[in-house]
Amino acid sequence: MALITGLTRDGHEWTPDFIKTLDKELCIGCGRCYKSCTRNVLAYEEVDTEDTVKAYMKIANGGNCIGCKACGQNCPKGCFSFEPVEAHAYGYTS
Ligand code: SF4
Ligand code: SF4
């Protein structure tokens, strides 16, 4: 299986771990992931409950992800999962 790989600035190969899932049941809407992502992958979503409006994060543009995992590193609730992607499987399907 050939995975999508990249090169570091000094020419070393690395394998990106692309965003796979974001568990909105765990999400507290703190926005740390949103601030971490430079690729416009994430967006807030608001849900009305009986008394309040709950904000949580969602994957809005998954195909923009470069697999840096900065969002997951900064999430205090462990909401994210990641996966490498096969080189022939371009496109985001979740
Ligand atoms: S892995 Fe990087 S590019 Fe992808 S959503 Fe997270 S912060 Fe953005
Ligand atoms: S960092 Fe985690 S808990 Fe905070 S908004 Fe993002 S997914 Fe939700």
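First, a word on scope: everything that follows refers to the structure included in this document. (Residues numbered from 1 in each chain as written. Chains lettered and ligands numbered in written order. Predicted model: local features only at pLDDT ≥ 70, side-chain atom pairs only at ≥ 80, totals over all residues. Heavy atoms only, no water.)

## What to know about the site of ligand 2
Alright, step 1. The environment of ligand 2 is formed by 14 residues, the closest being C27, C30, G31, C33 and C75.
Alright, step 2. In terms of residue class, the shell around ligand 2 is built from 10 nonpolar, 2 polar and 2 charged. (Near = heavy atom within 4 Å. Nonpolar A, V, L, I, M, F, W, Y, C, P; charged D, E, K, R; others polar.)

## Observations concerning the site of ligand 1
Alright, step 1. Every residue lining ligand 1 is accounted for by I19, C37, R39, V41, C65, I66, C68, K69, A70, C71 and F82.
Alright, step 2. Per-class residue counts for the shell around ligand 1 are 9 nonpolar, no polar and 2 charged.

## A few points about the packing of aromatic side chains
Alright, step 1. Inspection of every chain in the model, using the stated rule, returns 2 aromatic pairs.
Alright, step 2. Where Y34 meets Y44, the ring centres are 5.4 Å apart and the plane angle is 45°; that geometry is what we call tilted. Placement of the pair is Y34 in helix α1 (residues 32-36) and Y44 in strand β4 (residues 42-48), with a sequence separation of 10 residues.
Alright, step 3. Classification of Y34 as partly exposed rests on a relative accessible area of 41%.
Alright, step 4. With 6.0 Å between their ring centres and 20° between their planes, F80 and F82 make a pair best called stacked.
Alright, step 5. F82 gets classed as partly exposed once you look at its relative accessible area, which sits at 21%. (Phe/Tyr/Trp six-rings, centres within 6.5 Å; stacked < 30°, edge-to-face > 60°. Helix = DSSP H or I, 4+ residues; strand = E, 2+ residues; numbered from the N terminus. Buried < 20%, exposed > 50% of the residue type's maximum accessible area, 1.4 Å probe, protein only.)

## Focus: the pattern of salt bridges
Alright, step 1. The final tally for this structure, using the stated rule, is 3 salt bridges.
Alright, step 2. One salt bridge connects D17 with K69, and the closest N-O pair in it is separated by 3.6 Å. Of this pair, D17 sits in the loop between β2 (13-14) and β3 (18-22) while K69 sits in the loop between β5 (53-59) and α2 (70-73); the two residues are 52 residues apart in sequence, bridging distant segments of the chain.
Alright, step 3. With relative accessibility at 22%, the residue D17 sits in the partly exposed group.
Alright, step 4. Assessed through its relative accessible area of 33%, K69 is described here as partly exposed.
Alright, step 5. Two residues, E45 and K58, come together in a salt bridge whose shortest N-O distance is 2.8 Å. Of this pair, E45 sits in strand β4 while K58 sits in strand β5, and the two are 13 residues apart along the sequence.
Alright, step 6. Judged by relative accessible area, E45 falls into the partly exposed class, the value being 27%.
Alright, step 7. Under the relative-accessibility criterion, K58 is labelled partly exposed at 32%. (Salt bridge = Lys/Arg side-chain N within 4 Å of Asp/Glu carboxyl O.)

## With respect to the nonpolar core
One recurring pattern in soluble globular proteins: nonpolar side chains tend to sit buried together.
Alright, step 1. Membership of the largest hydrophobic core comes to 16 residues, with the highest contact counts inside it found for I19, L22, L42 and F80.
Alright, step 2. Going through the elements one at a time, β3 and β5 are the ones with two or more residues in this core.
Alright, step 3. Of all the elements, β3 adds the most residues to this core, at 3 residues. (Core = buried A, V, L, I, M, F, W, Y, C linked by side-chain atoms within 4.5 Å.)

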